Amino acid sequence: MPDLMRARRRDEEHRTATPLELFFDLCFVVAVAQAGRQLAHALTEGHWGHGISGYLMLFFAIWWAWMNFSWFASAYDTDDPLYRVVTLVQIVGVLILAAGVPRAFADSDFTVVWCGYLVMRLAMVSQWLRAARGSRGTERRTALGYALGVTVCQVGWLGLLLLPEGDVLGVFVVVGLMELAVPTLAERSYQTTWHPHHIAERYGLFTIIVLGETIAAATVAVQSALDEHDELGTLLPLAGGGLLVVFAAYWIYFAVPIHLHLRSNRQAFLWGYGHYLVFGSAAAVGAGIEVAVAQAFDKAQLSASAAGACVTVPAALFMFTVWLIHSRHHKRGLAQHLVLPVSSVLVLACTFAGSWAVPAAGLVAAGTVAAGVTLTARQGTALEQ
């Protein structure tokens with residue numbers, strides 16, 4: 001008989017991400033990479049509506065499954081053999097999901113994706129039932145509420161398989177809203193003991209991994225073009241601009257210690273939910289660079305400005321969303337608050353630079369970091385005086 005699963009303390013000292021959680025994140029990025037690859041292919045072919053809608057839906061499925069596990073683990077990670085085995089089963093589920101992404105994108109066939117999700121969600125339900133077995137009172141009701149909510153939502157996703165293709169978007173909206181409501185409803189009377197520093201670290205690590213996947217995707221695109229065309233004059237500005245955007249994204253995200261802001265469920269849930277746009281836009285930058293490289297060598301059915309928009313739009317969205325849900329809580333003064341919103345507008349404006357949109361966006365991103373560092377240094381000097 002396995003040991004009872006007990007909640008961990010929210011004020012536990014030296015709480016950090018475990019090797020199992022890092023392994024979990026790395027496996028999840030396989031699915032992120034598949035979604036980004038399909039997005040790049042759709043945009044290159046000029047299928048904007050299909051590509052963007054498919055990416056947003058599939059990325060939601062990936063992100064939400066990652067969210068479910070991350071917040072549960074922050075409160076109940078026992079790291080015993082049973083917990084590890086169930087987590088590895090969840091990893092199997094995400095790999096099945098990743099294998100089904102191309103088919104879901106191309107043919108709206110969600111069978112493999114749904115089966116992968118089923119494996120992940122059944123494992124997650126078993127974790128919540130184990131947590132319920134080891135708790136009492138309102139904590140037990142919360143755990144059972146999560147188990148029930150996740151099960152109901154998984155049944156709801158059957159609509160993707162049973163309803164006509166034209167109803168896919170409607171199913172995603174309805175069941176997606178149901179999924180988002182589960183934590184709020186389950187934690188009405190009892191708040192799970194997620195750890196602020198731990199959950200902030202988990203999100204930060206996943207951000208790093210997603211940005212790493214973005215660089216990997218862009219590198220493969222540049223390498224393939226270089227092997228085929230050997231035109232450094234065309235590729236270097238694209239590669240340099242793309243790298244500056246990704247490096248700036250890293251710098252901007254990690255400029256503030258966000259765990260100090262996560263003091264309640266309301267603050268934490270808004271911050272956590274908002275990362276759908278943070279993660280999604282970060283991953284989309286890599287797909288955008290792939291499209292820009294393809295367009296530069298006449299292998300994409302879109303204009304130079306449209307290809308540039310594939311990078312500038314997600315980059316601007318990343319900047320603005322990070323400011324809105326993440327960094328503005330630590331900004332002081334009007335100048336600091338304006339840096340990221342203004343920079344996001346300037347990055348969008350780079351779209352109109354045509355074939356130079358990506359290098360221009362990279363320069364704006366670098367200037368954003370420089371402005372932020374300068375203003376922070378001035379504030380520190382003023383406080384010392």
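This structure is a prediction, so every number in the text was calculated from the model and none was measured. (Residues numbered from 1 in each chain as written. Predicted model: local features only at pLDDT ≥ 70, side-chain atom pairs only at ≥ 80, totals over all residues. Heavy atoms only, no water.)

(A) Representation of the overall build of the chain in the model. The helix and strand tally for the chain stands at 13 helices and zero strands. Each helix (α) and strand (β) of the chain, taken in turn from the N terminus, gives the series α-α-α-α-α-α-α-α-α-α-α-α-α. For the chain, whose C-alpha radius of gyration is 22 Å, the value lies close to the compact-globule estimate of 21 Å for 385 residues. Counting over 385 residues, the chain shows a buried share of 53%. Across the chain, every contact between residues at least 6 apart in sequence was considered, and the portion connecting residues at least 24 apart equals 81%. When the accessible surface of the chain is summed, it comes to about 16900 Å², and 66% of that surface belongs to carbon and sulfur atoms. In the chain, which carries 23 positive and 26 negative side-chain charges, the distance between the mean positions of the two groups comes to 14 Å. (Helix = DSSP H or I, 4+ residues; strand = E, 2+ residues; numbered from the N terminus. Rg over C-alpha atoms; globule rule 2.2 N^0.38 Å. Buried < 20%, exposed > 50% of the residue type's maximum accessible area, 1.4 Å probe, protein only. Contact = heavy atoms within 4.5 Å. Areas by Shrake-Rupley, 256 points an atom, 1.4 Å probe, with all protein chains shown as cover. Lys, Arg positive; Asp, Glu negative; His and termini not counted. Charge placed at Lys NZ, Arg CZ, Asp CG, Glu CD.)

(B) Spatial organisation of a nonpolar patch on the surface. A grouping of L148, V152, L169, V173, V174, L177 and M178 is seen on the molecular surface, where their side chains present a nonpolar patch of about 640 Å² in accessible area. Contributions of two or more residues to the nonpolar patch are made by α5 (137–156) and α7 (168–186). For the nonpolar patch, the element with the highest residue contribution is α7, accounting for five residues. Here V174 is to be found in helix α7. (Patch = residues over 30% accessible without salt bridge, like charges linked within 9 Å, V, L, I, M, F, W, Y side chains within 5 Å. Salt bridge = Lys/Arg side-chain N within 4 Å of Asp/Glu carboxyl O.)

(C) Seen up close, the pattern of salt bridges. A complete count under the given rule lists seven salt bridges for this structure. For the salt bridge of R121 with E179, the shortest nitrogen-to-oxygen distance reads 2.8 Å. With R121 in helix α4 (residues 111–133) and E179 in helix α7, the pair connects residues that are 58 residues apart, well separated along the chain. One exposure class covers both R121 and E179, and it is buried.

(D) Spotlight on unusual backbone geometry. Unusually for a residue other than glycine, D79 sits at a positive phi of about 55°. Topologically, D79 is positioned in the loop between α2 (48–76) and α3 (81–107). Despite not being glycine, S108 has its phi angle at roughly 55°, a positive value.

(E) Looking closely at α7. For α7, with 19 residues, the first-to-last C-alpha span of 27 Å sits near the 27 Å given by 1.5 Å per residue. The axis of α7 is deflected most strongly, by about 30°, at L180, and proline P183 appears within four residues downstream. Every buried residue of α7 is listed here: V168, V171, F172, V175, G176, E179, V182, P183 and A186. For α7, the elements touching its buried residues are α2, α4, α5, α6 (159–162) and α10 (265–296). (Expected span 1.5 Å × (residues − 1). Bend = angle between axes of the 7 residues up to and from the residue.)

(F) Spotlight on the nonpolar core. F28, W71, W128, W157 and Y203 are the most contacted members of the largest nonpolar core, which has 122 residues in total. The greatest single-element share of this core, amounting to 18 residues, is contributed by α2. Leave out the neighbours within four places in its chain, and F28 touches I62, A65, W66, V94, M120 and F206. (Core = buried A, V, L, I, M, F, W, Y, C linked by side-chain atoms within 4.5 Å.)

(G) Fine view of the packing of α10 against helix α11 (residues 304–325). Viewed as axis vectors pointing N to C, α10 and α11 meet at an angle of 160°, and their least axial separation amounts to 8 Å. Comparing their axes, α11 and α10 come out roughly antiparallel. Taken as a pair, α10 and α11 cross one another with a handedness that is left-handed. (Axes fitted to C-alpha atoms, helices over the stretch in contact; angles between N-to-C directions. Parallel < 35°, antiparallel > 145°, perpendicular 65-115°, else oblique. Left-handed = near helix turned anticlockwise from the far one by under 90°.)

(H) Expanded view of the packing of aromatic side chains. In this structure the tally under the stated criterion is 32 aromatic pairs. Taking 5.9 Å as the distance between ring centres and 55° as the angle between the ring planes, the aromatic pair formed by F110 and F172 counts as tilted. Linking F110 in the loop between α3 and α4 with F172 in helix α7, this pair joins segments that are 62 residues apart in sequence. A residue is classified by how much of its surface remains accessible, and F110, at 4% relative accessible area, is buried. (Phe/Tyr/Trp six-rings, centres within 6.5 Å; stacked < 30°, edge-to-face > 60°.)

(I) Representation of the confidence of the model for the chain. On average, the chain scores 90 in pLDDT, and the residues at 70 or more come to 98%. Looking across the chain, the model is least confident in helix α13 (residues 357–384), with a mean pLDDT of 85, and most confident in α5, with 95. (pLDDT = per-residue confidence, 0-100.)

(J) Structural view of the environment of E290. On the secondary structure map, E290 appears in helix α10. Those residues in contact with E290 that sit more than four places away from it in its chain are A40, A217 and A221.

(K) Representation of the packing of helix α8 (residues 196–229) against helix α9 (residues 232–253) within the structure. Interaxial distance between α8 and α9 falls to 11 Å at its minimum, and their mutual angle equals 180°. Relative to α9, the element α8 lies roughly antiparallel. Of the residues in α9, those touching α8 at Y203, G204, T207, L211, T214, I215, V222, A225 and L226 are L232, L235, A239, L243, V246, F247, A249, Y250 and Y253. Residue classes in the contact of α8 with α9 are distributed as 15 nonpolar, three polar and no charged. (Nonpolar A, V, L, I, M, F, W, Y, C, P; charged D, E, K, R; others polar.)

(L) Examining the environment of Y55 more closely. As for its position among the elements, Y55 is in helix α2. Looking at Y55, the relative accessible area reads 5%, which means it is buried. C-alpha of Y55 to C-alpha of Q34: the two residues are 21 residues apart in sequence and 9.8 Å apart in space. Setting aside residues no more than four positions away along its own chain, Y55 makes contact with A35, G36, L39, F105, G280, A283 and A284. Among the polar contacts listed, one links the side chain of Y55 to the backbone oxygen of G280, at a separation of 2.7 Å. (Polar contact = N/O pair within 3.5 Å; in protein donor to acceptor, adjacent residues only side chain to side chain.)

(M) Up close: the side chain of S70. Structurally, S70 is set in helix α2. Polar contacts involving the side chain of S70 include one to the side chain of R202, which spans 3.0 Å. Other than its neighbours up to four places away in sequence, S70 contacts I199 and R202.

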